[in-house]
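Working through the structure, step by step
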Amino acid sequence: MKTYPPEKIRNVALVGHSGSGKTTLAEALLYRAGTIDRLGRVEDGTTTMDFDPEEHKRNTTLSLSIAPIEWDSHKINLIDTPGYPDFVGDVHAALRVADLAVFVVSAVDGVEVQTENNWRLAETMGVPRMVFINKLDKERSSFDRTLADLRDRFGAGIAPLELPIGEEASFHGIADLFTDKAYIYDSGHGEEAEIPEEMEEREHQVHDNLVEGIVVADDDLLERYLDGDIPSVAELEKTMAVGVANATVFPVVCGSATGPIAVDRLASFIVEIGPSPAVRNTFEVEAGGELMLVEGSPDGDPLAVVFKTIADPYVGQISLFRVLSGTVKPESSLTNTRTGADERFAKIASLRGKESVLVTELPAGDIGAVAKLNNTATGDTLAPKNKPVVLPALARPEPVLGVAITPTTTGEEDKLANALRRLQEEDPALALERNDETKQTVLRGMGEMHLAISLEKLSRKFGVDVATEEAKVPYRETITRSAQAEGKYK
């Protein structure tokens, strides 16, 4: 894959409730872009993004994974995230480096609780958002019901850009509200056609509402529109892109990831109206105890942040990072501003699920991976030796459930301690404590599923089997009420 400048890069996190179809959508995007030559299935354990045995066993995403695609002379870094609430820590990590969050919502189930939670998280972090209404070819699916649900939960900024053609099993295309054209997928690829007569009136009405909603954000366009001059599609997209980047407008597109239907349209919209790192290129860092703004430029000093660590039993530690400024190349060296250790980027790669492709350089805004940064953990900032700036730490969810663990084999305490350290490097949402009162080592996580997966990884990745028991609560006695007594002292 060739090197792309920041304005040609899109960093996109796929976010939503478990089962909404995020991983299937990522697979469809990879297929439509020609990155893979066949569609994998979550149920068969053959998707690019879900590759851990624990994910295959449960048919669900348990940790974030990345894969780039090339689309219309752009590079889109797809970040697939877990939808199960126990793994929200990886959603935090993905949103930290994403310039756009695509919320995948099932047209059957509507807006579910984890979609709302992640939306509020993205809102707090200032991440632009758009919505892909998925599963329109399934029974009991409804675009109108889901759109109304989105508006009810997330407000007036919700702006549909497409309408579905057909319902449930008869869904076979979309009507583009920008161009007043239909795209039919009966042959497997979108073929341009006229809007079906039975939905023509509704499409024109929604089109007019969309145009009016866009032009009010630009005084020049509004004046021209009131004079009867309808803005071009390019002008409308440019104005909408500003609203998307400012997180005031949330476009809604639709389709089916399993078809795949209109997935190519989603990729085009990401390129056309999604913000690039060149737009979102200013970030806050701490230097000498003071906060300052740094502008990301490929020509500036190299600066990167590690947002995910993978503990690989064969390669060792793999650090996923985003380049904030400058250009990172193989054999370059940066300093970890937390530990003070010098880290050498012997080789840098672009990950595609579990596969890696070596690259010659990564400019500001791009995402990559590097192995064996042994003194660097998730959240660390890597900067030039003479400029020790630090990206503010990302708040992480507090663990809510604990389980006491002991090695099943006598004498493996040191091996267990080392494995737990590496597991925490991979998943900072885990916490470990030694309770001297109960004499227990307690592993804490976000829930039963989180802890179960972590213990399975201890065994599979590090060869340490543990026995578990309930974490004890230290018993204490105290005075609860007043009393009188007599005693004798000799």
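Residues numbered from 1 in each chain as written. Predicted model: local features only at pLDDT ≥ 70, side-chain atom pairs only at ≥ 80, totals over all residues. Heavy atoms only, no water.

Quick word on the packing of aromatic side chains
Following the criterion strictly, the structure yields six aromatic pairs and no others. When the ring of F178 is compared with that of F269, the centres are 6.4 Å apart and the planes differ by 40°; the resulting orientation is tilted. You can see F178 sitting in the loop between β8 (173–176) and β9 (181–184) and its partner F269 sitting in helix α9 (residues 263–273), a full 91 residues away along the chain. The buried category is assigned to F178, whose relative accessible area is 5%. The class of F269 is buried, set by a relative accessible area of 2%. (Phe/Tyr/Trp six-rings, centres within 6.5 Å; stacked < 30°, edge-to-face > 60°. Helix = DSSP H or I, 4+ residues; strand = E, 2+ residues; numbered from the N terminus. Buried < 20%, exposed > 50% of the residue type's maximum accessible area, 1.4 Å probe, protein only.)

Overview of the packing of helix α1 (residues 22–32) against α9
Direction vectors running N to C along α1 and α9 enclose 85°, while the axes themselves pass 9 Å from each other. As summarised for this structure, α1 and α9 are arranged roughly perpendicular, according to the angle between their axes. Mapping the contact onto sequence places L25, A28, L29 and R32 in α1 and V263, D264, L266 and A267 in α9. A class-by-class count of the residues in the contact of α1 with α9 yields six nonpolar, no polar and two charged. (Axes fitted to C-alpha atoms, helices over the stretch in contact; angles between N-to-C directions. Parallel < 35°, antiparallel > 145°, perpendicular 65-115°, else oblique. Contact = heavy atoms within 4.5 Å. Nonpolar A, V, L, I, M, F, W, Y, C, P; charged D, E, K, R; others polar.)

Things to note about empty space enclosed by the protein
Over the atoms, a rolled probe matching the size of one water molecule traces out where space is still vacant. For the coordinates displayed, the defined rule picks out two cavities of 30 Å³ or more. One number sums up the size of the largest cavity: a volume of about 140 Å³. Forming the walls of the largest cavity are 16 residues, and the residues nearest its centre are L62, F87, D427, H450 and K457. Elements that contribute at least two residues to the lining of the largest cavity include exactly α3 (88–97), α10 (413–426) and α11 (448–462). No other element matches the four residues that α11 contributes to the lining of the largest cavity. Looking at the lining of the largest cavity residue by residue, the classes come out as six nonpolar, four polar and six charged. For the second largest cavity, the calculated volume is near 40 Å³. Around the second largest cavity, the lining residues are G89, D90, A93, F307, K308, T378, R396, E426, D427, P428 and A429. If you tally residues by element for the lining of the second largest cavity, the top one is α3, at three residues. In terms of residue class, the lining of the second largest cavity is made up of four nonpolar, two polar and five charged. (1 Å grid on protein atoms, 1.4 Å probe; cavity = no way out; pocket = protein on both sides within 12 Å on 5 of 7 lines; lining within 4 Å. Points joined across faces, edges and corners; volume = space filled by probe spheres on them.)

A few points about the sheet that holds strand β24 (residues 401–407)
Taken together, the four strands give an open sheet; going across it, the order is β25-β26-β24-β27, and neighbouring strands pair in antiparallel fashion. Each of the sheet's edge strands pairs with one partner strand only, and the pair in question is β25 (431–435) and β27 (466–470). Across this sheet, the average inter-strand angle for adjacent strands is 35°, counted without regard to direction. For β24 and strand β26 (residues 440–445), the ladder comprises four bridges, and the chain directions are antiparallel. Looking at the pairing, V403 lines up with L443 of β26. This element, α11, spans β24, β26 and β27 of the sheet and lies at about 120° to β26. (Pairing = 2+ DSSP bridges.)

Points about unusual backbone geometry
A cis amide bond links G259 to the next residue, P260, at an omega of -15°. Positive phi values are uncommon outside glycine, yet S73 reaches one of about 65°. When you line up the elements, S73 lands in the loop between β2 (65–71) and β3 (74–80). With a relative accessible area of 52%, S73 lands in the exposed category. If you check the backbone angles, A247 has positive phi at about 60° while not being a glycine. Residue A247 is classed as buried on the basis of its relative accessible area, which comes to 19%.

Things to note about the sheet that holds β3
The strand order across the open sheet formed by seven strands is β2-β3-β1-β4-β5-β11-β6, and the pairing between neighbours is mixed. Only two strands of the sheet have a single neighbouring strand rather than two, namely β2 and β6 (158–160). Mean inter-strand twist for the sheet, computed between neighbouring axes without regard to direction, equals 25°. Bridge count between strand β4 (residues 100–106) and strand β5 (residues 129–134): six bridges; the pairing is parallel. Paired with V104 across the bridge in β5 is F132. Its contacts with the sheet put α1 on β1 (9–15), β2, β3, β4 and β5, and the angle it makes with β2 is roughly 35°.

Points about the side chain of S319
Considering the arrangement of structural elements, one finds S319 in strand β15 (residues 316–325). Residue S319 is classed as buried on the basis of its relative accessible area, which comes to 0%. Setting aside its immediate chain neighbours within four residues, S319 contacts V306, K308, G368, A369, V370 and L373.

Some details on a negative patch on the surface
A contiguous patch of negative charge on the surface is contributed by D219, D220, E223 and D227. Residue position: D227 is located in the loop between α7 (219–226) and α8 (233–245). We classify D227 as exposed; its relative accessible area is 65%. (Patch = residues over 30% accessible without salt bridge, like charges linked within 9 Å, V, L, I, M, F, W, Y side chains within 5 Å. Areas by Shrake-Rupley, 256 points an atom, 1.4 Å probe, with all protein chains shown as cover. Salt bridge = Lys/Arg side-chain N within 4 Å of Asp/Glu carboxyl O. Lys, Arg positive; Asp, Glu negative; His and termini not counted. Charge placed at Lys NZ, Arg CZ, Asp CG, Glu CD.)

Re the side chain of N11
Mapped onto the secondary structure, N11 falls in strand β1. Reaching out from N11, the side chain makes a polar contact with the side chain of N77 at a distance of 2.9 Å. A polar contact of 2.7 Å, which involves the side chain of N11, links it to the backbone oxygen of G365. For N11, the residues in contact, after removing those within four places along its chain, are N77, V97, A98, D99, L100, P277, R322, G365 and I367. (Polar contact = N/O pair within 3.5 Å; in protein donor to acceptor, adjacent residues only side chain to side chain.)

Quick word on the layout of surface pockets
One number sums up the size of the largest pocket: a volume of about 740 Å³. Lining the largest pocket are 35 residues, with I310, D312, V315, I318 and K354 positioned closest to its centre. Looking at the lining of the largest pocket, the element that brings in the most residues is strand β14 (residues 303–312), giving four residues. Residues of the lining of the largest pocket, tallied by class, amount to 19 nonpolar, four polar and twelve charged.

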